[in-house]
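Architecture and fold: a report
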Amino acid sequence: MRSVCADFLKGEGMYRMVVETRADDAIFLDRLRDFVATEVLPNTREWERNAAFPDWIWPRLGELGVLGMTLPKEKGGTGLSCEAYCDACLEIAKGDPALSMNVAAINALCVGHFDRFASEEQFDKYMPGILKGEIKLAWGLTEPDAGSDARRVKTHAIPMDGRPGFFQINGRKMFITNGGKADLIVLIARTSDTELSAFLMETDQPGFKLERRINTVGVCASNTVQFALRDAVGWHTPCTFDDAIGLLYRGRLAIAGMAVGIAEKALELTIEYAKERQQFNRRLADMQSVQNMIADSAMELEAARLLLKNGSRRYDAGLPIVKEASYAKLFASETANRVTNRAIQIHGGRGMTPDFLVEKLWRDAKLTEIGEGASEIQRLVIAKQVLK
Ligand SMILES: Cc1cc2nc3c(=O)[nH]c(=O)nc-3n(C[C@H](O)[C@H](O)[C@H](O)COP(=O)(O)OP(=O)(O)OC[C@H]3O[C@@H](n4cnc5c(N)ncnc54)[C@H](O)[C@@H]3O)c2cc1C
């Protein structure tokens, strides 16, 4: 019932339930904002320099309920609405976009997968540790030859004799967020020429071979890796490829949240700077071409926010979001890239130095146009929906 918008409700009892849930969401988001201001933003440069998050981050995220945002309360999760979950990804991105990306993916694609497809035995074995941050997660779809064309996955899974539910898995995965730190990976593999499904794979096993850390231009604290699987053992979570991939729709809304957070932070910093910096005996904020850039950024950011709200509220109302998730992700990610680019322009030369956060936000923003379906794929999704 949590997933029904107040506007759609008739009964008072239902309305009360939604209002209560939203009050919980607001309390959660207030605590999260404090955490971002005191424990995330002050460390974002250091985490980037170290190309790693500190070990304390996972139990701390667990304590705050950030690792179970998409899991209903009755299953032990935080039980946020989709709207609040996306707002959480937005708030975290204002402190550290790489952390937001990790949290977005872990919740939508890994915890969401457990919620929908794990057996009681699988859930009971792993979920308590996941929620506490003791079992770290990653989601593995992409391969060297299977990116946007996800159905090209070559990694294959064969049922093991005498071990029902367990499969032997061989293949290679690339660009896996948190893959070098993960204890458990939700992995997509081929079960026949025509079918793919998903498996739970522990990384502490001889068949799991970490091949390399992939260094990226942005979101550098995130541990992105390539790994190979040689007769690795995976535990099947029965679902079709479309079922598993369907989790990406809510995931795309969360990446839109990340993009809006990046753009918001960049615009806030730019407005502060434009009010301070003087040239030709005037503040930058008083110059019309600077004002035009700020006006465009503010307007595009507002539009991105509204597309995100529309998508996440539709999800909460139980309505389809295929097109709306793509609208939000596509527009918000391109907005984040334009807004951060203008932010550097307004900061001038200083904007290109590590003394100002806008250069990092600009680099981090790029991921939002690529991860969880590049912009070109979002346009294909939208075109398919509107042309059908
Ligand atoms: C930092 C980072 C973290 C990531 N984390 C994960 C993760 O945790 N798990 C995971 O599974 N994957 C992850 N990915 C992979 C990501 O999802 C892919 O990079 C993305 O889907 C694009 O695939 P690709 O890189 O192979 O590009 P390609 O598919 O080779 O695409 C290259 C270009 O061609 C365009 N293109 C491709 N097909 C079409 C088409 N039909 N029409 C028009 N244009 C097209 C693309 O849009 C893109 O511009 C991550 C990537 C990065 C960079």
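Residues numbered from 1 in each chain as written. Predicted model: local features only at pLDDT ≥ 70, side-chain atom pairs only at ≥ 80, totals over all residues.

Description of the overall build of the protein chain
Looking only at helices and strands, the protein chain features 12 helices and nine strands. In terms of overall dimensions, the protein chain has C-alpha extents of about 80 × 55 × 45 Å along its principal axes. Counting every position in the protein chain, which comprises 388 residues, the buried fraction comes to 48%. (Helix = DSSP H or I, 4+ residues; strand = E, 2+ residues; numbered from the N terminus. Buried ≥ 20, exposed ≤ 12 C-beta atoms within 10 Å, placed from the backbone.)

Side note on the packing of helix 4 (residues 82–95) against helix 8 (residues 248–276)
Their axes nearest at 7 Å, the elements helix 4 and helix 8 cross at an angle of 40°. Between helix 4 and helix 8, the interaxial angle falls into the category oblique. As for how helix 4 packs across helix 8, the hand of that crossing is right-handed. Touching Cys82, Tyr85, Cys86, Asp87, Cys89, Leu90, Glu91, Ile92, Ala93 and Lys94 of helix 4 are Arg250, Leu253, Ala254, Ala256, Gly257, Met258, Val260, Gly261, Ile262, Glu264 and Lys265, all from helix 8. (Axes fitted to C-alpha atoms, helices over the stretch in contact; angles between N-to-C directions. Parallel < 35°, antiparallel > 145°, perpendicular 65-115°, else oblique. Left-handed = near helix turned anticlockwise from the far one by under 90°. Contact = placed C-beta atoms within 7 Å.)

Quick look at helix 8
Taking 1.5 Å per residue, 29 residues should reach 42 Å; helix 8 reaches 42 Å between its end C-alpha atoms and fits that length. Counting buried positions over the 29 residues of helix 8 gives 23, a clear majority of the element. (Expected span 1.5 Å × (residues − 1).)

As for the site of the ligand
Taken together, the neighbourhood of the ligand is formed by 23 residues, with Gly147, Ser148, Thr177, Ala374 and Glu376 sitting nearest. Residues belonging to the shell around the ligand are distributed by class as follows: 12 nonpolar, nine polar and two charged. The residue makeup of the shell around the ligand includes at least three contributed by each of domain 2 (137–243) and domain 3 (248–387). (Near = placed C-beta within 6 Å. Nonpolar A, V, L, I, M, F, W, Y, C, P; charged D, E, K, R; others polar. Domains from an automatic or database assignment.)

Considering the nonpolar core
If you look at the biggest cluster of nonpolar residues, it comprises 112 residues, and the most contacted ones within it are Cys89, Ala259, Ala263 and Ala332. For this core, the element with the most residues is helix 8, which contributes 15 residues. Not counting residues up to four positions away in its chain, the partners in contact with alanine 263 are Leu301, Ala304, Thr335, Ala336 and Val339. (Core = buried A, V, L, I, M, F, W, Y, C linked by C-beta atoms within 7 Å.)

Considering the domain arrangement of the protein chain
Taken domain by domain, the protein chain consists of domain 1 (6–132), domain 2 (137–243) and domain 3 (248–387). Facing four residues of domain 2, the contacting portion of domain 3 comprises six residues. Split into classes, the residues belonging to the side of domain 2 that touches domain 3 amount to two nonpolar, two polar and no charged.

Quick notes on the pairing of strand 5 (residues 196–202)
Consecutive residues of a regular strand have side chains that alternate between opposite faces of the sheet. Most of strand 5 is tucked away, with six of its seven residues classed as buried. Pairing geometry for strand 4 (residues 184–190) and strand 5, over seven bridges, is antiparallel. Pairing of isoleucine 188 across the sheet is with alanine 198, part of strand 5. The antiparallel hairpin formed by strand 4 and strand 5 contains five residues in its connecting segment. Note: strand 5 against strand 7 (residues 224–237), three bridges, orientation antiparallel. Bridging across to strand 7, phenylalanine 199 finds its partner in histidine 236. (Pairing = 2+ DSSP bridges.)

Examining helix 5 (residues 97–117)
Compared with the 30 Å implied by 1.5 Å per residue over 21 residues, the 29 Å span of helix 5 between its first and last C-alpha is a close match. Isoleucine 106 marks the point of greatest bend in helix 5, at about 35°. Counting buried positions along helix 5 yields 19 of 21 residues, so the element is predominantly enclosed. (Bend = angle between axes of the 7 residues up to and from the residue.)

So, the pairing of strand 1 (residues 137–140)
Along strand 1, one buried face is formed by Leu137 and Trp139 and the opposite face, lined by Ala138 and Gly140, is buried too. With four bridges connecting them, strand 1 and strand 4 associate as parallel partners. Pairing of glycine 140 across the sheet is with leucine 187, part of strand 4.

Considerations on the packing of helix 10 (residues 322–347) against helix 12 (residues 375–387)
Geometrically, a packed helix pair is captured by the angle between its two axes and the distance between the axes. As a packed pair, helix 10 and helix 12 sit with axes 9 Å apart at the nearest point and diverge in direction by 145°. Both helix 10 and helix 12 take part in a crossing whose hand is left-handed. Between helix 10 and helix 12, the contacting residues are Val322, Lys323, Ser326, Tyr327, Lys329, Leu330, Ser333 and Glu334 on the first element and Ser375, Gln378, Arg379, Val381, Ile382 and Gln385 on the second. When its residues are assigned to classes, the contact of helix 10 with helix 12 shows five nonpolar, five polar and four charged.

A word on the confidence of the model for the protein chain
Confidence in the prediction of the protein chain, expressed as mean pLDDT, is 95, and 95% of residues score 70 or more. Low pLDDT, under 50, characterises residues 1–17; the predicted model gives this stretch 23 contacts beyond four residues in sequence or across chains. (pLDDT = per-residue confidence, 0-100.)

A few points about the environment of valine 225
As for its placement among the helices and strands, valine 225 is situated in strand 7. Under the C-beta neighbour-count criterion, valine 225 is labelled buried, with 22 such atoms within 10 Å. Sequence separation between valine 225 and threonine 78 is 147 residues; the distance between their C-alpha atoms is 29 Å. Valine 225 has contacts with Ile176, Gly179, Gly180, Leu210, Arg212, Arg213 and Ile214, leaving out every residue within four places of it along the chain.

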